[in-house]
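# Structural overview
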Amino acid sequence: MLKISLKKTDFAQTKAELSIVFVIDKNLKHPWIELKTLKEFDYKGEGLFLDQQNKTLYAGISPYNADMMREVSAQVVRYIKKTPFKNAKIGIYGDGEMNKAMFLGLLLGDYEFYQYKTKPNPAALNEIFIAHESFDKAPIAPLGKILDMVEVIASGVNLARDTINTPPEYATPVFLADLAQKIATNNHLECKIGDEKFLKKEKMLAFLAVNRASSHPPRLIHLSYKPQKSKAKIVLVGKGLTYDSGGLSLKPADYMVTMKADKSGGCAVLAIIDICAKIGVEAEIHAIIGATENMIGGNAYKPDDVLFAREGKSIEVRNTDAEGRLVLADCLSYAQDLEPDYLIDFATLTGACVLGLGEYTSGIMGHNEALKSRFEALALQSGELMARLPFNRHLAKLIESKIADVCNVASSRYGGAITAGMFLSEFIRPQYKDKWLHIDIAGPAYVEKEWDINAFGASGAGVRAGVEFVLDVAKRG
Ligand code: BES
Ligand code: ZN
Ligand code: ZN
């Protein structure tokens, strides 16, 4: 990870190969801004401009807010990585929230996935100095604390990104279980790994059906973090489809590509518990991941099958590509046995959610309006885009089955994200309905182009929002 060093010198005194100067709201009047050259090159404070002579990179931030600060900081890192500069310095802008946004943008913007390139071309940039000109007035401690926290969050997000980006033949359910075990060992967490035998014993027959045609065995991963002081018990559930071919309802070739990212929900909850344990939050956290592939073969589960889920309900399968909800139904059932105060699942569940909200926004569903709004506000504060999608009684009818208790696909293609959420709701017990949220991250989890603070590929969607929520629960219950 890029090194960020706090320097007890003012901006001018701090030595670096390159200066980074933010231009706030196109205001070019600032002691660090060399007006003469900017006028010469007609730079008006929008976008990036490298003043070669003065070795200064100007970056416009407008409107001036934490989201733009984060995004522009990421752009700055990407730009410098294309140059031979080995280090650069930045001054301090704004309050703690702005500093946090800047650090996050720098560290998350630096991420690239080149593990599988035989000739990687690493950038020269390795360190950024933060020149705090008035350390005596504003002591280094708060800034140092913010940086420590951001470094933990960024390495968690980047761990999720790396895991999601890992090809499906490597990142199998057993690989995810091994990773969970490592995270547990590093943070002194409890780690329970359930294999096929365990899933049979637990009557998780919907989960097992999805796995049947895969040559990789399934795993139910359960990590728990139990601090001495705890305000509440939060149970997180993640969809961990290490590959989704669609099964016998096979995906068209173009839609199958990127389905290694169908484990993004599982990777997100692994990262959230890793980050929160490192921070030492005062809330009990459980992370449950249903890890399997959805493949084809002579033993594959079929459209027309009826499955018996752990909650005791029967499911008519009409499309084997709606597999995530089957795995989640059984994992949510297992999760409720832990008696959570909050139950939140993260899943790349539907293409419909991407159609509805666009590639950059996750959908928040559930029965508790206040809880949905709270999560939405915290997600936005963390820098993730999320929006609420409302359940309604008319859509509920679309997943009725003539031959079983519920059908795994709706009878209409309209409202697919919501009907998938309402399918999950069928497996939530009455006393947990108001404690449960479903987060559909299908859009932002994996985008095949650079956007915001994200490189091509996995973004780590859900991680920052989830951490923000846990921190809020640890504060307010
Ligand atoms: N993993 C997919 C959803 C998905 C689509 C995630 C695009 C990321 C990007 C999920 O298992 C799926 O295939 N859902 C189907 C459901 C349908 C059969 C009701 C879908 O969305 O088409
Ligand atoms: Zn699918
Ligand atoms: Zn899927």
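Keep in mind that what you see is a predicted model, and the values were worked out from it rather than measured. (Residues numbered from 1 in each chain as written. Chains lettered and ligands numbered in written order. Predicted model: local features only at pLDDT ≥ 70, side-chain atom pairs only at ≥ 80, totals over all residues. Heavy atoms only, no water.)

### A look at the coordination of the zinc ion (ligand 3)
Bound to the zinc ion (ligand 3) are the protein donor atoms Lys239 (NZ), Asp244 (OD), Asp262 (OD) and Glu323 (OE), situated 2.0 to 2.4 Å from the metal. Note that the zinc ion (ligand 3) binds six donor atoms; their angles at the metal cover 77 to 172 degrees, and the shape is octahedral. In primary-sequence terms, the residues that donate to the zinc ion (ligand 3) follow K-x4-D-x17-D-x60-E. In this structure, the zinc ion (ligand 3) lies 3.2 Å away from the zinc ion (ligand 2), the two metals sharing Asp244 as a donor. Note that Asp262 is positioned in the loop between helix H8 (253-256) and helix H9 (264-279) and Glu323 in the loop between strand S12 (314-316) and helix H10 (324-336), a separation of 61 residues in sequence. (Donors = N, O, S within 2.8 Å, 3.2 Å for Na, K, Ca; no water. Tetrahedral: all angles 85-135°; square planar, octahedral: opposite > 155°, others 65-115°. Helix = DSSP H or I, 4+ residues; strand = E, 2+ residues; numbered from the N terminus.)

### Focus: the pattern of salt bridges
Side chains that differ in sign of charge can pair as their charged atoms come close. Tallying each qualifying case throughout the model produces 27 salt bridges. With a closest N to O distance of 2.9 Å, Arg374 and Asp472 form a salt bridge. With Arg374 in helix H12 (residues 369-382) and Asp472 in helix H15 (residues 463-476), this residue pair connects regions lying 98 residues apart in the sequence. Judged by relative accessible area, which is 17%, Arg374 ranks as buried. Three or more residues joined by partner-sharing salt bridges are found here, namely Glu202, Arg310, Glu311, Asp337 and Arg429. (Salt bridge = Lys/Arg side-chain N within 4 Å of Asp/Glu carboxyl O. Buried < 20%, exposed > 50% of the residue type's maximum accessible area, 1.4 Å probe, protein only.)

### Considering the pairing of strand S8 (residues 219-225)
For S8, a buried count of seven out of seven residues is recorded, marking the element as mostly surrounded by other parts of the structure. Neither face of S8 is exposed, since Arg219, Ile221, Leu223 and Tyr225 on one face and Leu220, His222 and Ser224 on the opposite face are all buried. Here strand S7 (residues 190-194) pairs with S8 via five bridges, running antiparallel. Bridge pairing links Glu190 to Ser224 in S8. The sheet contact formed by S8 and strand S10 (residues 284-294) spans seven bridges and is antiparallel. Each bridged residue has a counterpart across the sheet, and for Arg219 the counterpart in S10 is Ala291. (Pairing = 2+ DSSP bridges.)

### Let's talk about the pairing of strand S13 (residues 342-347)
By the criterion of burial, S13 is predominantly enclosed, with six of the six residues buried. Residues Tyr342, Ile344 and Phe346 line one face of S13 and the alternating positions Leu343, Asp345 and Ala347 line the opposite face, and both faces are buried. As paired elements, strand S9 (residues 233-244) and S13 share five bridges and run parallel to each other. For Leu236, the partnering residue across the bridge sits in S13 and is Ile344. Where S13 and strand S17 (residues 436-440) come together, five bridges link them in parallel fashion. Pairing of Asp345 across the sheet is with His438, part of S17.

### What about the domain arrangement of the protein?
Quite often, the size of an interface is put as the accessible area lost when its parts meet. When the domains of the protein are assigned, the result is domain 1 (3-141) and domain 2 (166-476). If you average the C-alpha positions of domain 1 and of domain 2, the two centres end up 37 Å apart. Here domain 1 meets domain 2 over a buried area of about 1,100 Å², counting both sides, of which 51% is carbon and sulfur. Among the residues of domain 1 in contact with domain 2, Arg70, Arg78 and Tyr116 are the three that bury the most area, contributing 45% of the side total. For the pair domain 1 and domain 2, the interface holds two salt bridges. The shortest N-O distance in the salt bridge between Arg78 and Glu450 comes to 3.5 Å. Applying the counting rule to domain 1 against domain 2 returns three residue pairs in polar contact (both at pLDDT 80 or more). Every element with two or more residues in the side of domain 1 that touches domain 2 is listed here: helix H2 (66-80) and helix H3 (96-109). Of the residues that constitute the side of domain 1 that touches domain 2, the class distribution is six nonpolar, two polar and five charged. (Domains from an automatic or database assignment. Buried area = accessible area lost by both parts, 1.4 Å probe. Polar contact = N/O pair within 3.5 Å; in protein donor to acceptor, adjacent residues only side chain to side chain. Nonpolar A, V, L, I, M, F, W, Y, C, P; charged D, E, K, R; others polar.)

### Quick word on the coordination of the zinc ion (ligand 2)
In an ideal tetrahedron of four donors about a metal, each angle is 109.5 degrees. In an ideal octahedron of six donors, the angles are 90 or 180 degrees. Around the zinc ion (ligand 2), the protein contributes the donor atoms Asp244 (OD), Asp321 (O), Asp321 (OD) and Glu323 (OE), at 2.0 to 2.2 Å from the metal centre. For the zinc ion (ligand 2), the six donor atoms in the first shell make angles of 71 to 166 degrees at the metal, a pattern classed as irregular. Ordering the donors of the zinc ion (ligand 2) by residue number gives the pattern D-x76-D-x1-E. The class for Glu323 is buried, based on a relative accessible area of 0%.

### What to know about the sheet that holds strand S11 (residues 306-308)
Two strands in a sheet stick together by hydrogen bonds in their backbones, pointing the same way (parallel) or opposite ways (antiparallel). Read across the open sheet, the three strands follow the order S11-S12-S16; overall the sheet is mixed. A single partner strand is all that each edge strand has here, and the edge strands are S11 and strand S16 (406-407). One ladder, built from two bridges, connects S12 with S16; its direction is parallel. Paired with Ile315 across the two strands is Val406, which belongs to S16.

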